[in-house]
Amino acid sequence: MVVRENFENSLQELQVKMEEMTQLTVESLEKSFDALKTQDVELALRVIEEDNEIDDLEEEINQLAIWLMVKEQPVARDLRKIIGAIKISSEVERIADFGVNIAKATIKIGNGDSLINKTSLEAMKEVCITMLNKALKSFFDENMALAKEVGDMDDEVDEYSDETYKQLTGHLCERQEETNQLVQLLFVNRYLERTADHITNIAESAAYLIKGRKYDLN
Amino acid sequence: MNTTVIDRKTATDKSANTTEQQTKIAVKDLNLFYGEKQALFDVSIDIKEKEVTALIGPSGCGKSTFLRTLNRMNDLIDGVKINGKMVIDGEDIYQSNDVIKLRTKVGMVFQKPNLFPMSIYDNVAYGPRMQGIKNKAELNKIVEESLRGAAIWDEVKDRLKSSALGLSGGQQQRVCIARAIAMKPEVILMDEPTSALDPISTLKVEELIASMKKEYTIVIVTHNMQQAARVSDKTAFFLNGEIIEFDETNKIFSMPSDQRTEDYVTGRFG
């Protein structure tokens, strides 16, 4: 007989909800970016609408975590796992909001020639998505090496961000008629840089689960 | 890039207490046998003065046996053999023959309230009277102080002459604690003192333990891990007659060092 089988099942349920929330957030980032590249306002609006689903999942995760603390009185690793679920779901929710912000930037840019190919934004987005998947995996698999990799990738995003900032501000002088789009892309650059910071916080929660102490991976 | 470990103590970290208490009880390589069967294996532990030390572990792990070695209660069982050192205040209690003095210094509270079928007053005054105290005013003072010390005075002060057995289980247990305090012990042993009590009475006894820490060194055996976490400064995890881990309670319940401790406190044992 597995001792505390019901508790194990509930922890598994918590993990499934976190995986689902992460999956939806990755889709939000992908779709908002597609919308930005193709200037697809319809798709951008859909990203904004679908964010409710992610917010609802965060609420469900919090409710389940609170109920498990009341019911199971977890200690040690179990408690760190549940605290981690609460903190991580809050970070993922914030990351999904950046997806929404990118969608809103798309709407503000409207039609015209896209300048996105003149930046490193797409590469940044790709790194962010890889980071997000790795950060969650490091938490679920309790893999410290993976958590540290996420910290290293945050440095990579910071470099892309600096590069993109220079590219965009350079264009601002040359293409004043594109000021609106360039300012919005500067915002997107900021959103992605912040996204990577929030993902790094997730990796720190994983490190706390594994080692029981605070790690600064930023 | 550098990965920084931040090792800061949290506000709830009991280990943040700056003053390290003196050792009250020093146990070194203690072995205990019930006839041929060995029940404790090389137990070594330093119990600090005016701290609460919790002993946890599954049934039959030796924690109650160990508790009873602290005031030689096991002497009453036939065939018990003990070796190793058990030093209280610098004196090896198994090298001394004065068990009465030891049990005055090291009081005990049991799992179930075990009051005598007499009045509340007489229960508390029983020990002091056995010690030869006859003076009424002195006895009154001891009874009142002991009942106050056990946080039960206000509930019983108007019925001190009534039978102690008419009290609720929780009240009876606190009178048992008062009876132990009346002997002016320095150490109080508690063997699952709340296992027969309702939740509110349990919380009252736990509050009492916390307040008694100022004056007494307390060693408590409990099966209730939340209780160990709430009341104790240090926790020892026993398994198969050995101490597997002994550390700050905060550490035992948040980041134990031994996988067996982790499995036990998270309820995955067996």
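Residues numbered from 1 in each chain as written. Chains lettered and ligands numbered in written order. Predicted model: local features only at pLDDT ≥ 70, side-chain atom pairs only at ≥ 80, totals over all residues. Heavy atoms only, no water.

Participant: What's the story with the overall build of chain B in this structure? I'm lost.
Facilitator: Along its length, chain B carries 10 helices and 11 strands. At 20 Å, chain B has a C-alpha radius of gyration in line with the 18 Å of a compact globule built from 270 residues. Overall size of chain B, expressed as C-alpha extent along the three principal axes, is 75 × 45 × 35 Å. Here chain B holds 270 residues, and the buried ones make up 49% of them. Partitioning the contacts of chain B with sequence separation of at least 6, the portion at a separation of at least 24 is 68%. For chain B, the exposed surface amounts to about 12,900 Å²; the carbon and sulfur share of it is 50%. Measuring between centres, the 36 positive side-chain charges of chain B sit 5 Å from its 37 negative side-chain charges. (Helix = DSSP H or I, 4+ residues; strand = E, 2+ residues; numbered from the N terminus. Rg over C-alpha atoms; globule rule 2.2 N^0.38 Å. Buried < 20%, exposed > 50% of the residue type's maximum accessible area, 1.4 Å probe, protein only. Contact = heavy atoms within 4.5 Å. Areas by Shrake-Rupley, 256 points an atom, 1.4 Å probe, with all protein chains shown as cover. Lys, Arg positive; Asp, Glu negative; His and termini not counted. Charge placed at Lys NZ, Arg CZ, Asp CG, Glu CD.)

Participant: Would you mind going over the overall build of chain A with me for this structure?
Facilitator: The helix and strand tally for chain A stands at six helices and one strand. Put simply, chain A runs from its N terminus to its C terminus through helices and strands in the order α-α-α-α-α-α-β. Relative to its length of 218 residues, chain A is compact, with a C-alpha radius of gyration of 19 Å against a globular reference of 17 Å. Along the longest, intermediate and shortest principal axes, the C-alpha atoms of chain A span 70 × 35 × 20 Å. Put simply, chain A has 218 residues, and 51% of those count as buried. For chain A, contacts bridging at least 24 residues in sequence account for 83% of all contacts bridging at least 6. Summing over all exposed atoms, chain A offers an accessible surface of approximately 9,900 Å²; the carbon and sulfur share of this is 46%. Treating the 25 positive side-chain charges of chain A as one cloud and the 45 negative ones as another, the clouds have centres 5 Å apart.

Participant: I tried to follow a negative patch on the surface on my own but got confused; where do I start?
Facilitator: All names here are of chain A. A cluster of acidic residues, Glu20, Glu27, Glu53, Asp56 and Glu59, forms a negative patch on the protein surface. For the negative patch, the elements supplying multiple residues, two or more each, are helix 1 (5-38) and helix 2 (41-72). The biggest single contributor to the negative patch is helix 2, with three residues. Looking at where Glu20 falls in the secondary structure, it is placed in helix 1. (Patch = residues over 30% accessible without salt bridge, like charges linked within 9 Å, V, L, I, M, F, W, Y side chains within 5 Å. Salt bridge = Lys/Arg side-chain N within 4 Å of Asp/Glu carboxyl O.)

Participant: When you look at a nonpolar patch on the surface in this model, what are you seeing that I'm missing?
Facilitator: All names here are of chain A. A surface patch of nonpolar side chains, amounting to about 320 Å² of accessible area, comprises Ile66, Trp67 and Val70. As for its position among the elements, Trp67 is in helix 2. Its relative accessible area of 47% is what places Trp67 among the partly exposed residues.

Participant: Just checking my understanding: could you explain the pattern of salt bridges for this structure?
Facilitator: If the charged atoms of two oppositely charged side chains come close together, the side chains can form a pair. The tally for this structure, following the rule as stated, stands at 34 salt bridges over all chains. In this structure, the salt-bridge partner of Arg129 of chain B is Asp122 of chain B, at a minimum N-O distance of 2.9 Å. Given the relative accessible area of 32%, Arg129 of chain B is considered partly exposed. Salt-bridge contacts for Lys213 of chain B lead to Asp233 of chain B; the nearest nitrogen and oxygen are separated by 3.0 Å. A residue pair is termed long-range when its members are at least 10 positions apart, and Lys213 of chain B in the loop between helix 7 (199-212) and strand 9 (217-221) and Asp233 of chain B in the loop between helix 8 (225-231) and strand 10 (234-239) qualify at 20 residues. What makes Lys213 of chain B partly exposed here is its relative accessible area of 26%. Under the relative-accessibility criterion, Asp233 of chain B is labelled buried at 8%. Several salt bridges converge on common partners, so that one network encompasses Glu30, Lys37, Glu122, Lys125 and Glu126 of chain A.

Participant: What exactly am I supposed to notice about the sheet that holds strand 2 (residues 23-34) of chain B here?
Facilitator: Picture the strands of a sheet paired through backbone hydrogen bonds; they go either parallel or antiparallel. Residues and elements named next belong to chain B. Across the sheet, which stays open at both edges, the four strands sit in the order 3-2-5-6 with antiparallel pairing between neighbours. At either end of the open sheet lies a strand with only one pairing partner, and these are strand 3 (37-48) and strand 6 (91-92). Summarising the sheet, strand 2 and strand 3 pair through eight bridges and their orientation is antiparallel. Note that in strand 3 the partner of Thr23 across the bridge is Lys48. (Pairing = 2+ DSSP bridges.)

Participant: Got a minute to help me understand helix 2 of chain A in this structure?
Facilitator: Side chains three or four residues apart in an α-helix point the same way, a direct result of the helix having 3.6 residues per turn. Residue and element names in this part refer to chain A. Look at helix 2: 47 Å from first C-alpha to last across 32 residues, which is about the 46 Å you get at 1.5 Å a residue. Between the side-chain oxygen of the N-cap and the backbone nitrogen of Glu42 there are 3.2 Å, and the N-cap of helix 2 in question is Asp40. Of the residues one or two after helix 2, Gln73 is the one with positive phi, at around 45 degrees. (Expected span 1.5 Å × (residues − 1). Polar contact = N/O pair within 3.5 Å; in protein donor to acceptor, adjacent residues only side chain to side chain.)

Participant: What exactly am I supposed to notice about the environment of Arg159 of chain B here?
Facilitator: Residue and element names in this part refer to chain B. With respect to the helices, strands and loops of the structure, Arg159 is situated in the loop between helix 5 (153-156) and helix 6 (169-181). With relative accessibility at 34%, the residue Arg159 sits in the partly exposed group. With 38 residues separating them in the primary sequence, Arg159 and Tyr121 have C-alpha atoms 8.8 Å apart. What Arg159 contacts, discounting residues up to four positions off in sequence, is Ile120, Leu167 and Gln171.

Participant: What exactly am I supposed to notice about the packing of helix 3 (residues 76-109) of chain A against helix 4 (residues 121-140) of chain A here?
Facilitator: Helix-helix packing is characterised by the crossing angle of the two axes and by the distance between the axes. All names here are of chain A. For the pair helix 3 and helix 4, interaxial distance at closest approach is 12 Å and the crossing angle is 170 degrees. Here helix 4 runs roughly antiparallel to helix 3, going by the angle between their axes. Contact residues: Lys81, Gly84, Ala85, Ile88, Val92 and Ile95 in helix 3; Leu132, Leu136 and Phe139 in helix 4. (Axes fitted to C-alpha atoms, helices over the stretch in contact; angles between N-to-C directions. Parallel < 35°, antiparallel > 145°, perpendicular 65-115°, else oblique.)

Participant: What is the right way to look at the UniProt feature "domain: PhoU" (unreviewed entry) in chain A in this model?
Facilitator: All names here are of chain A. What UniProt calls "domain: PhoU" (unreviewed entry) maps, in this numbering, to residues 19-105 and 122-205. Split by type, residues 19-105 is 94% helix and 0% strand. Its first and last C-alpha atoms lie 27 Å apart. As annotated, residues 122-205 has a helix share of 92% and a strand share of 0%, and its two end C-alpha atoms lie 27 Å apart. (UniProt positions renumbered as here; feature names shortened; annotations may be inferred.)

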